[in-house]
Amino acid sequence: MKYEVDKKGFYGEFGGAYIPEAMYPNIEELKNRYLDIMSGSSFQKEFQDLLRDYVGRPSPLYYARRLSEHYGGRIYLKREDLNHTGSHKVNNTIGQILIAKRLRKTRIIAETGAGQHGVATATVCALMGLKCVVYMGAVDVARQAPNVLRMKMLGAEVIPVESGNKTLKDATNGALRDWINNPLDTHYIIGSVVGPHPYPDMVARLQSVISEEIKWQLMEHEGRENPDYVLACVGGGSNAAGVFYHFLDNPEVKLIGTEAAGLGVDTHETAATLATGSPGVLHSCRTMLMQNEDGQITEPYSISAGLDYPGIGPLHSQLFKSGRAKYESITDQEALDAAFKLTRLEGIIPALESAHAFALLEKMKFQENDVVVINVSGRGDKDMQTYIDVMQKNKMD
Ligand SMILES: *Cc1c(COP(=O)(O)O)cnc(C)c1O
């Protein structure tokens, strides 16, 4: 595959493993074992069985008739919102906990921002009976109370991180530090296609089940495997990596990711990494970052907590640089409008993150026979308070 990671963990100039020496044993073990484990028949059987019976896969590929009439083209929705725990994140946590078991790890750590990845990790730890510790910025602990309670109910220990801005970046630093101190019994489940090699590749492979299913589902619907367009929102980039993966070597498929512009890419209140960033190293990986002239990471902002990350996975940096995929920025307001439009046209309340992909429809022009796939990365339950505030402000009912 042309866009595959190389032996050293690079996608072109991006990727790698810029790790402190103390983390070397953990990363080496994972790097040396992950491909063998994942291609083994015992892993494959357990992974496929859990995806089917526990997660509820395959997720439907739904032809959205009213949305298609409104925007033109033939628009299909990949329904990751219907997965157990409400988003694509569980595809990754199921896969990684099965890898952790085969590495004989007994303790799992994770970072979380909004709490979605923390909940998905706590869920699979309960399922497998493994100890779970989730690092979360203290600011996020305070503003994401329902997910904190979910993690606790699932048996996880939630550790508030008081350093830095007390959000996702700091939670990731907390988890990395824990891993250095607990190299023998602990596996770190990273929640996106970020961090040191082999995480970006491992997580992309686990999420690639999304595009694997789309290929045969589109064949059933349309008599062809490849759509004309694939749209997905991008935070760290795992749902987009999963939905792009099996189309990367089909150049006729146009791949478009949407970043969160926040209040706008020309303001400081943004999380649009590719639109505003430059190359650097964050969380042991060389990639595009939001940083100032001194190389200090700048604080990202988006209405959607899941897109509020100052970096992006190295695969996306490379797809951006090579032009294989395009990336557009969507503001808070555009995403909110798109969430209400999708809800009223199709009866599907999306996660605010996913709404960033739908907002792009307003800026596209499709031919009648264009086949368009949009990834619905998650459902909107967690965002109801934000939606309710909008309705009250606009006096909608
Ligand atoms: C976490 C999350 C995202 C962003 O993460 P990616 O790694 O970019 O996919 C998007 N949508 C939902 C619903 C999420 O929970």
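Residues numbered from 1 in each chain as written. Predicted model: local features only at pLDDT ≥ 70, side-chain atom pairs only at ≥ 80, totals over all residues. Heavy atoms only, no water.

## Quick notes on the domain arrangement of the chain
The assigned domain composition of the chain is domain 1 (11–51 + 89–203) and domain 2 (57–86 + 208–393). For domain 1 versus domain 2, the separation of C-alpha centres amounts to 23 Å. Taken together, both faces of the contact between domain 1 and domain 2 bury some 2,800 Å²; the carbon and sulfur share is 62%. Looking at the side of domain 1 facing domain 2, the largest losses of area belong to Glu13, Phe14 and Lys169, adding up to 21% of the total buried there. The interface formed by domain 1 and domain 2 includes two salt bridges. For Glu13, the salt bridge identified is with Arg286, shortest N-O distance 2.8 Å. Here domain 1 and domain 2 share 13 residue pairs in polar contact (both at pLDDT 80 or more) between them. Of all elements in the fold, only strand S2 (14–15), helix H4 (89–102), helix H5 (116–128), helix H8 (168–181) and helix H9 (199–207) reach the threshold of two or more residues within the side of domain 1 that touches domain 2. It is H8 that contributes the most residues to the side of domain 1 that touches domain 2, five residues altogether. Per-class residue counts for the side of domain 1 that touches domain 2 are 17 nonpolar, 14 polar and three charged. (Domains from an automatic or database assignment. Buried area = accessible area lost by both parts, 1.4 Å probe. Salt bridge = Lys/Arg side-chain N within 4 Å of Asp/Glu carboxyl O. Polar contact = N/O pair within 3.5 Å; in protein donor to acceptor, adjacent residues only side chain to side chain. Helix = DSSP H or I, 4+ residues; strand = E, 2+ residues; numbered from the N terminus. Nonpolar A, V, L, I, M, F, W, Y, C, P; charged D, E, K, R; others polar.)

## Description of the site of the ligand
The local shell around the ligand holds 18 residues, among which Lys89, Ser192, Gly235, Gly237 and Ser238 are the closest. Between the ligand and Gly235 there is a distance of 2.7 Å, counted from an oxygen atom to a backbone nitrogen or oxygen. One nitrogen or oxygen atom from the side chain of Ser238 is found 2.7 Å from an oxygen atom belonging to the ligand. Protein contact buries 97% of the 380 Å² of open area that the ligand shows by itself. Mapped onto the domain boundaries, the shell around the ligand takes at least three residues apiece from domain 1 (11–51 + 89–203) and domain 2 (57–86 + 208–393). (Near = heavy atom within 4 Å. Areas by Shrake-Rupley, 256 points an atom, 1.4 Å probe, with all protein chains shown as cover.)

## Let's talk about the pairing of strand S12 (residues 285–289)
Counting buried positions along S12 gives four out of five residues, so the element sits mostly inside the fold. As defined by bridge partners, strand S11 (residues 278–282) adjoins S12 across five bridges and the pair is classed as antiparallel. Bridge assignment links Ser278 to a residue of S12, and that residue is Leu289. Counting the residues that bridge the hairpin from S11 to S12 gives two residues, and of these His283 lies at a positive phi of roughly 50°. (Buried < 20%, exposed > 50% of the residue type's maximum accessible area, 1.4 Å probe, protein only. Pairing = 2+ DSSP bridges.)

## Quick look at the pairing of strand S6 (residues 131–137)
The buried fraction of S6 amounts to six of the seven residues, a majority that puts the element mostly inside the structure. Both strand S5 (residues 107–112) and S6 contribute to a ladder of six bridges, which runs parallel. In the sheet register, Thr112 faces S6, and the bridge partner there is Met136. As for the winding sense of the linkage, the β-α-β connection from S5 through H5 to S6 is right-handed. Inspection of the sheet shows S6 paired to strand S7 (residues 157–161) by five bridges, in the parallel sense. What sits directly across from Met136, in S7, is Pro160. (Right-handed = clockwise from strand over helix to strand, strands pointing away.)

## With respect to the sheet that holds S6
Here we have four strands laid out as an open sheet, ordered S7-S6-S5-S8, and parallel in their pairing. This sheet does not close on itself; its edge strands, each paired only once, are S7 and strand S8 (186–188). Sheet twist, expressed as the average angle between the axes of neighbouring strands with direction ignored, equals 25°. Contacts between H8 and the sheet are confined to S5, S6, S7 and S8, with S5 contributing the most and set at about 160° to the helix. (Axes fitted to C-alpha atoms, helices over the stretch in contact; angles between N-to-C directions. Contact = heavy atoms within 4.5 Å.)

## Describing the packing of aromatic side chains
By the definition in use, this model includes nine aromatic pairs. Pairing Phe340 with Tyr387 gives two aromatic rings, centres 5.8 Å apart and planes at 75°, and the pair type is edge-to-face. Taken together, the residues span a long stretch of sequence, with Phe340 in helix H14 (residues 332–346) and Tyr387 in helix H16 (residues 384–393) at a distance of 47 residues. The two residues Phe340 and Tyr387 agree in class, both being buried. The rings of Trp179, Tyr188 and Tyr199 are connected pair by pair, giving a single aromatic cluster. Above the ring of Tyr63, the side-chain terminus of Arg74 is found at 4.8 Å from the ring centroid. Taking the ring centre of Tyr229 as reference, the NZ or CZ of Lys254 above it sits at 4.8 Å. (Phe/Tyr/Trp six-rings, centres within 6.5 Å; stacked < 30°, edge-to-face > 60°. Lys NZ or Arg CZ within 6 Å of the ring centre and 35° of its normal.)

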